[in-house]
Amino acid sequence: MLFPLTAWAQTAGTITGTLLDAANNQPLPFTTVVLLQARDSSQVATGTQTAENGTFTLEPVQPGSYLLRTSAVGYGTLRRAVTITAAAPTMRLGTLRLASTTTKLGEVTVTGERAAVVDNLDKKVINVDKDLNSAGGTAVDVLQNVPSVAVDQNGQATLRGADVAIYLDGKPAPSNFRLEQLPASRIENVEVITNPSARYPAAGAGGVINITLKKQQKDGWNGQAAGILGTREKYNLSLSANRKLGKLNFFGSYDANDNHYRGESDLRQAATVEGLTTRTDQNGRSLRHQQYHGGRFGVDYDLTKDQKITVSADLSQSRGSSRENLNTILTRGTDAPLALRNLGYSNEKQHQSVYSVDYRRTWAEHKGRELTANVSLVDVGVDVQVGQRVLDGPASYPRQERRQLYGVGINVLQGQADYVHPLGEKGRLDVGLRNESWWSDGTTDYLLQAGENEAFVRLDNQSFAYRYQQHVQAGYATAQQEFGKWSLQGGLRAEHTTLDGRVLPNTGQFTQRYLNLFPTATLVRTLPGDQRLQLSYSRRLNRPNFMQVLALPIYNDQRNYRIGNPVLRPEFINSVELGHQATWKQTSLTTTLFWRQTTDAIQAIRAIDTAATRLSGQPDFITRTSYQNFGQTNNYGLEMSLNQPLAKWWKITASGSVYRNEVTSFLGDGRNRSTVTGTARLMNSFTPTKQLDVQLTANYRAPQLTAQGRLAAFHGIDVALRQRLFEDRAALTLRVSDIFNTRRNYTQLYSDGLESNFRTKYETRVGYLGFTWFFGNSKPSKKIDQGPQGGGGGFGG
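About the criteria used
- Residues numbered from 1 in each chain as written.
- Predicted model: local features only at pLDDT ≥ 70, side-chain atom pairs only at ≥ 80, totals over all residues.
- Heavy atoms only, no water.
- Helix = DSSP H or I, 4+ residues; strand = E, 2+ residues; numbered from the N terminus.
- Buried < 20%, exposed > 50% of the residue type's maximum accessible area, 1.4 Å probe, protein only.
- Areas by Shrake-Rupley, 256 points an atom, 1.4 Å probe, with all protein chains shown as cover.
- Salt bridge = Lys/Arg side-chain N within 4 Å of Asp/Glu carboxyl O.
- Pairing = 2+ DSSP bridges.
- Axes fitted to C-alpha atoms, helices over the stretch in contact; angles between N-to-C directions.
- Patch = residues over 30% accessible without salt bridge, like charges linked within 9 Å, V, L, I, M, F, W, Y side chains within 5 Å.
- Polar contact = N/O pair within 3.5 Å; in protein donor to acceptor, adjacent residues only side chain to side chain.
- Contact = heavy atoms within 4.5 Å.
- Core = buried A, V, L, I, M, F, W, Y, C linked by side-chain atoms within 4.5 Å.
- Phe/Tyr/Trp six-rings, centres within 6.5 Å; stacked < 30°, edge-to-face > 60°.
- Lys NZ or Arg CZ within 6 Å of the ring centre and 35° of its normal.

### Concerning the overall build of the chain
The helix and strand inventory of the chain stands at three helices and 45 strands. The proportion of buried residues among the 797 residues of the chain is 52%. On the chain, roughly 34700 Å² of surface is accessible, and the fraction owed to carbon and sulfur atoms is 55%.

### Regarding the pattern of salt bridges
According to the stated counting rule, one finds 28 salt bridges in the structure shown. The residue Arg 458 makes a salt bridge to Asp 460 at a minimum N-O spacing of 2.7 Å. Judged by its relative accessible area of 40%, Arg 458 is partly exposed. By relative accessible area, Asp 460 is classed as exposed at 56%. Here the residues in one salt-bridge network are Arg 199, Asp 418, Arg 428 and Asp 430, joined through shared partners.

### Quick notes on the sheet that holds strand 3 (residues 44-49)
Two modes of strand pairing occur in sheets, parallel and antiparallel, and in both the strands are linked by backbone hydrogen bonds. If you trace the four strands from one edge of the open sheet to the other, you get 3-2-5-6, paired in antiparallel fashion. The open sheet has two free edges, formed respectively by strand 3 and strand 6 (79-84), since each of these has just one partner strand. In this sheet, neighbouring strand axes are inclined to one another by 25° on average, regardless of whether the strands run parallel or antiparallel. Summarising the sheet, strand 2 (residues 32-37) and strand 3 pair through five bridges and their orientation is antiparallel.

### Observations regarding the pairing of strand 25 (residues 427-449)
Relative to strand 25, strand 24 (residues 401-422) is paired through 22 bridges, and the arrangement is antiparallel. Opposite Ile 410, over in strand 25, you have Ser 440 as the bridge partner. Counted along the chain from strand 24 to the antiparallel partner strand 25, the turn is four residues long, and its residue Gly 424 has a positive phi close to 75°. Here 18 bridges tie strand 25 to strand 27 (residues 464-483), and the two strands are oriented antiparallel to one another. Directly across from Thr 444, in strand 27, lies its bridge partner Phe 464. Judged from the two bridges that link them, strand 25 and strand 26 (residues 457-458) form a sheet pairing that is antiparallel. Note on strand 26: the bridge partner recorded for Leu 448 is Val 457.

### Some words on the pairing of strand 37 (residues 673-689)
Successive residues of a regular strand alternate their side chains across the two faces of the sheet. Two elements, strand 36 (residues 650-663) and strand 37, share 14 bridges in a ladder whose sense is antiparallel. For Gly 656, the partnering residue across the bridge sits in strand 37 and is Ala 680. Alignment of strand 37 against strand 38 (residues 692-701), held across nine bridges, turns out to be antiparallel. Bridging across to strand 38, Ser 685 finds its partner in Gln 695. The hairpin turn running from strand 37 into strand 38, its antiparallel successor, is two residues long.

### Comments concerning a nonpolar patch on the surface
Taken together, the side chains of Phe 483, Trp 486, Leu 523, Leu 533, Leu 535, Leu 578, Leu 593, Leu 638 and Met 640 define a hydrophobic patch exposed on the protein surface, amounting to about 760 Å² of accessible area. Those elements that place two or more of their residues in the nonpolar patch are strand 30 (531-542) and strand 35 (623-647). Position of Leu 638 among the secondary structure elements: in strand 35.

### Here's the deal with the side chain of Gln 269
If you trace the backbone, Gln 269 turns up in strand 19 (residues 248-273). Here the side chain of Gln 269 touches Arg 606 through a polar contact of 3.3 Å, side chain to side chain. Here the side chain of Gln 269 touches Ser 756 through a polar contact of 2.6 Å, side chain to side chain. With near-sequence residues (within four places) excluded, Gln 269 lies in contact with Thr 278, Arg 279, Thr 280, Arg 606, Phe 621, Thr 623, Leu 754, Glu 755, Ser 756 and Phe 758.

### Concerning the sheet that holds strand 1 (residues 13-21)
The sheet built from three strands is open, its strands ordered 4-1-7 with mixed pairing. This sheet does not close on itself; its edge strands, each paired only once, are strand 4 (55-61) and strand 7 (90-98). The average angle at which neighbouring strand axes cross in this sheet is 20°, direction not considered. In the sheet, strand 1 pairs with strand 4 via five bridges, with the strands oriented antiparallel. Residue pairing across strands places Thr 18 opposite Thr 55, the latter belonging to strand 4.

### Section: the side chain of Asn 635
On the secondary structure map, Asn 635 appears in strand 35. Exposure remark for Asn 635: the relative accessible area of 5% places this residue in the buried category. Within the structure, the side chain of Asn 635 is placed 2.6 Å from the backbone nitrogen of Glu 662, a separation counted as a polar contact. Asn 635 has contacts with Phe 594, Trp 595, Arg 596, Arg 660, Asn 661 and Glu 662, leaving out every residue within four places of it along the chain.

### What about the nonpolar core?
Side chains that are nonpolar tend, in soluble globular proteins, to be buried together. Tyr 466, Tyr 468, Phe 546, Leu 550 and Leu 552 are the most contacted members of the largest nonpolar core, which totals 29 residues. At the level of secondary structure, the elements contributing two or more residues to this core comprise strand 23 (370-392), strand 24, strand 27, strand 28 (486-504), strand 29 (507-527) and helix 2 (546-549). A total of five residues in this core trace back to one element, the largest contributor, which is strand 23. Beyond its immediate chain neighbours, meaning those up to four positions away, Tyr 468 contacts Trp 438, Trp 439, Ser 440, Leu 499, Asp 500, Gly 501, Phe 510, Phe 546, Val 549 and Leu 550.

### Some words on the environment of Gly 284
Its place among the elements puts Gly 284 in strand 20 (residues 276-304). Residue classification places Gly 284 among the buried positions, given a relative accessible area of 5%. As a C-alpha pair, Gly 284 and Arg 323 span 39 residues in sequence and 9.9 Å in three-dimensional space. Aside from chain neighbours lying at most four places away, what touches Gly 284 is Gly 263, Glu 264, Ser 265, Glu 324, Asn 325 and Leu 326.

### Remarks on the packing of aromatic side chains
Enumeration according to the criterion identifies 12 aromatic pairs in this entry. Ring plane angle 40° and centroid distance 6.0 Å describe the contact between Tyr 466 and Phe 546, whose orientation is recorded as tilted. Pair noted here: Tyr 466 is in strand 27 and Phe 546 is in helix 2, with a separation of 80 residues, a long-range link. Phe 546 carries the same exposure label as Tyr 466, and that label is buried. What links up through ring pairs into an aromatic cluster is the set Trp 438, Tyr 466, Tyr 468, Phe 510 and Phe 546. For the cation-ring pair, Arg 369 lies above Trp 363, with the distance from its terminal atom to the ring centre recorded as 3.9 Å. The lysine or arginine in question, Arg 759, covers the ring of Tyr 746, its NZ or CZ lying 3.9 Å from the ring centre.

### A closer look at unusual backbone geometry
Looking along the chain, the bond that leaves Glu 59 and enters Pro 60 is cis, with omega of -10°. Backbone geometry places Arg 232, a non-glycine residue, at a positive phi of 60°. Relative to the elements of secondary structure, Arg 232 occurs in the loop between strand 17 (220-230) and strand 18 (234-245). Its identity is not glycine, yet Asn 741 carries a phi of approximately 55°, on the positive side. Position of Asn 741 among the secondary structure elements: in the loop between strand 42 (730-737) and strand 43 (745-751).

The structure is reproduced here in structure tokens:
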């Protein structure tokens, strides 16, 4: 509908060949074959490794002149000039023979290594194996090293101050997914797409973060095993392997961790209730214990040379508990202060199962034509217990213990089909359909123990059950066209959403249905000297999650609770970006101007619940957090990223952003607040010897505004080292996170009659020591960084 069917797409070519030992004509398996740009041999166009029979295939290869180069331990380097044209896109090199040499392993230079951060105009790719500062950590540690991404103390990721949609292997993650539950050892790479095309679901104001999990497909047996110990009771174990036999490829992985974390907190809160000023001064010390066991297993089967099917299962179980000793002083009006000692605690158990079937069909006679389909089923069960017990206080204050029990069940059924059809030599058409159905039901029981030796009593008026379901049907079409040095892509996505929820007994019932259209467009201009200019636009939305719309009270402790708003609407976002990228040999500079407009912005509002305060009969107050839509905001700014080698053994990756952070007025008077904020990141990569890699990384996030206050600055420095051992069959890693112990959270909130100051300090300075053993064709990376980290093309999906 968007473009005439006479549009054309550029034809990509293929280069094939076989590597043999020149002395005995035996195949050379697992040999590196890279294709370099003829005009600049430091730029890698593509690369691969030979199979067990010595054969290799390089694809897709765009028309042009290249230098093919091989690299194998104990053999000389072979170089051959090759040219691919639109008229002759396929080149068969036949048999290539390599002569044996006496070169030692330490003298071999391997090229074409992936960079730690690949920064393109349309997306950023973080290769986790190259990011030593995530060893022993979780997805939170990985994302904290991503330019312009911030992760708060609740594990919520934001990009340029806006919420993002989290994907796992190209599919939206379940709504209950938590970044801290995914070990970094399971992650292959992370893609950050700021302005996705219509191919992607429209959810996520800041864009999409796609986390790709590890899955080997190399011939024979391959894999790795790793164990990591952290200071103060932190243990991590990971194992991954694959076995490829002809048309079958079996893959699997297992990860486990058992970690303890300490923390400190401080709360200063003042409120005016019925004309009297009430103050709460509280400090606490906490201990969190987290356990995780997870495995992923599957098989790839080549039905034909053009068809493949993958069946996989991802099973995990986690447990978490926390204990916090709180000292509280309550002051009301001119009354004498009341001192209390409390114990806050929580226990959580969760299991998750994800079953997935993927199908891929290509056509050898029609390059670029592709059909993919996926069906997945997610089953999640969560049991949570949250409570608080009074340990000590005046005789007049009851020794009560309050406890809330949650039981949550979630089932998600997802199905998607995508078809790509080339239109001539310089164009293509993408179409697709998607359905996602989401069901959840659960209970919350509020229990009260009036005295130390008394039984718990269920409070019926504060205990509820709920049912919720969400269905999203979507279809899209995008078209791409090249006109010489210009490229254009346009797309349109339609999504129909149905929400139904009910809180029992018979409260908070709601139904919402809405149909929305989401256009996207991208215009690219190639410039002389390896430069690109890109202008893109997308319309997106943020749907409220089910806990934001269900009128179900969830108590953080006996003084604070949150509750959903059944009439909460989605917020809509218009996003525009103008980016420029230039590459000079191993140096690349990416600059992006961005603007984001949000309407019906969703904000969390904290206020005093005067009715609950009065009913409690206690000399303090109870706060209520809920969600509302407020007006419109406009945020804009500048983002830059530089990759620069300073010496053969030293390379830096620097990135930063400066932008206007605007939030809507929670008073609904249209008087928005704004400030200038930003982020900065500097990663130094050193190779003091050929077997030793070192990374030193610094991160800084400037203060930011929230709906009712502000977040203070957040910063820290990490250092990591990796030593390769036993002829690259093993690696020893040492990492220290937050070496100066500076990462802490400070939040200020205020509203009519209420002012709060929160300070929390989690255990962020941790030392990790890990050992990894590689078997089969798996080996540690020879370099942390090599070659320019920019370049590339595409439109972000």
